[in-house]
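Commentary on secondary and tertiary structure
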Amino acid sequence: MPEKPRKRSIFDVMGEYVEVFDALADELLEATFPEGPSWNIETCCLQALSNVFVTSREVVITADMPNIEPETVKVEAVDETVIQITAKMKKKVRFADLGIYHRQGEFSALRCQDRIQVPFDSEKMKISFTGGILEVRFPRKS
Amino acid sequence: MSEAVKIVEKQIIPSEATMIVGLPDVGLVGLIATSYIITELNLEEIAYMDSDLLPPVMVLHQGLPRAPLRFYGNQKFIAVISELAVPAPAIYTIMRKIVDWGQAKKVKRIISMGGIPVENRQAITEPKVFGSASNQELLDGLTKSGVKIMNEGYMVGPQALSMRYSINNNVPSIAILAQSFYNYPDPQAAAIVLKELSKIFDVNVDVSKLLEKGEEIRLKARDIMKRTQEEMSRMKKSQEYDMPLYV
């Protein structure tokens, strides 16, 4: 006999809300305190520099992605307004590699998140990678 | 009242030297190029800037505190770099002091290296270099050396002020600028500027190591690039994209 789908408990629902709330809080913190570091030890990511250009037809995101493996580039819509780009680095970078010994951490990826101010079609993206610069184009939604 | 900006000399400053200025700016081209010259020519720290107009920052290198804005030199060159994005409101006073100090030290000329922001930079495999100079004679010299002249356009920020105060003080001044990214560190543009510099002056710098270390530099330079971008916005740096009107 097929198993009946389990009814979601109040704790599951609350758990989901807490996750959403955490994500929102993180986003708010990032927006309020832009002074934060350009690295994240938990996610092992270095923040990539990026730009967003909006034309009449397209949204174009460029990101400076040195030392990455182009085939590992992942572009995903976090939600309807935020795009996240991540890529694995060819070689892991430790603080010690940069001559910094008072911090510990190892970074294996570059990541950036960009907020897009206009509606866009995240399903129809075009990606190119030239000279270490990643370019992602999305058509605008009317 | 104490001086707003003070240059503290650590040793005897050579006279008749060529001063190279590479403060953080578009693509960090000038800063990367000047830092590379300092390393390649093994220049020693000869002075540093002390100013309340700069943020309360010291940089640690090999455990020792250093002022972020420093002067390096030998008998032929004085190189000025800053490991700190110079705050936009302070740029006038800082640049005026650098040029006045250079004049007092009888520098032969002041060269600023930097970038010209171009929107399609990633599509350009070999960025072009353009020059500008404080007088016609120097401009002719640049042309003779094969440097293309930036005929019309705006200069904004440290290079503009270096040129302005050099003209005021009658110090010969040249700007060598390569097409570059606006807010991504651009070691390739820095290498091309250095190649051009070696055509004009007797400075032979092998840029191969700079190009080899390009990716590493781009990773390391993200933070200073971000802070420089904030200051460039305050300086209205995007005016460099504008077309001047002079009928």
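Residues numbered from 1 in each chain as written. Chains lettered and ligands numbered in written order. Predicted model: local features only at pLDDT ≥ 70, side-chain atom pairs only at ≥ 80, totals over all residues. Heavy atoms only, no water.

Residue and element names in this part refer to chain A. In spatial order, the strands read β1-β2-β7-β6-β5; together these five strands make up an open sheet with mixed pairing. Looking along the sheet, the strands with just one partner apiece sit at the ends: β1 (39-40) and β5 (74-77). Looking at chain direction, strand β2 (residues 45-47) and strand β7 (residues 106-115) are connected through three bridges and run parallel. Along β7, the bridge assignment pairs L46 with L110. (Pairing = 2+ DSSP bridges. Helix = DSSP H or I, 4+ residues; strand = E, 2+ residues; numbered from the N terminus.)

Residue and element names in this part refer to chain B. Its place among the elements puts R121 in the loop between β8 (109-117) and β9 (129-133). Here R121 falls in the buried class, since its relative accessible area comes to 3%. Apart from residues lying up to four places away in sequence, R121 is in contact with P127, Q179, S180, F181, D186, Q188 and A189. (Buried < 20%, exposed > 50% of the residue type's maximum accessible area, 1.4 Å probe, protein only. Contact = heavy atoms within 4.5 Å.)

A few words on the interface of chain B and chain A. Taken together, the contact between chain B and chain A spans 15 residues of the former and 25 residues of the latter. Surface buried jointly by chain B and chain A totals about 1700 Å² across both partners, of which 49% is contributed by carbon and sulfur atoms. Linking chain B with chain A are two salt bridges. Close ionic contact of E215 of chain B with K90 of chain A constitutes a salt bridge, the shortest N to O distance being 3.3 Å. For the pair chain B and chain A, the interface holds 11 residue pairs in polar contact (both at pLDDT 80 or more). For the side of chain B that touches chain A, the secondary structure elements donating two or more residues are α7 (214-220) and α8 (222-234) of chain B. Considering each element in turn, the side of chain B that touches chain A owes the most residues, six residues, to α8 of chain B. Residue composition of the side of chain B that touches chain A, grouped by class: five nonpolar, three polar and seven charged. (Buried area = accessible area lost by both parts, 1.4 Å probe. Salt bridge = Lys/Arg side-chain N within 4 Å of Asp/Glu carboxyl O. Polar contact = N/O pair within 3.5 Å; in protein donor to acceptor, adjacent residues only side chain to side chain. Nonpolar A, V, L, I, M, F, W, Y, C, P; charged D, E, K, R; others polar.)

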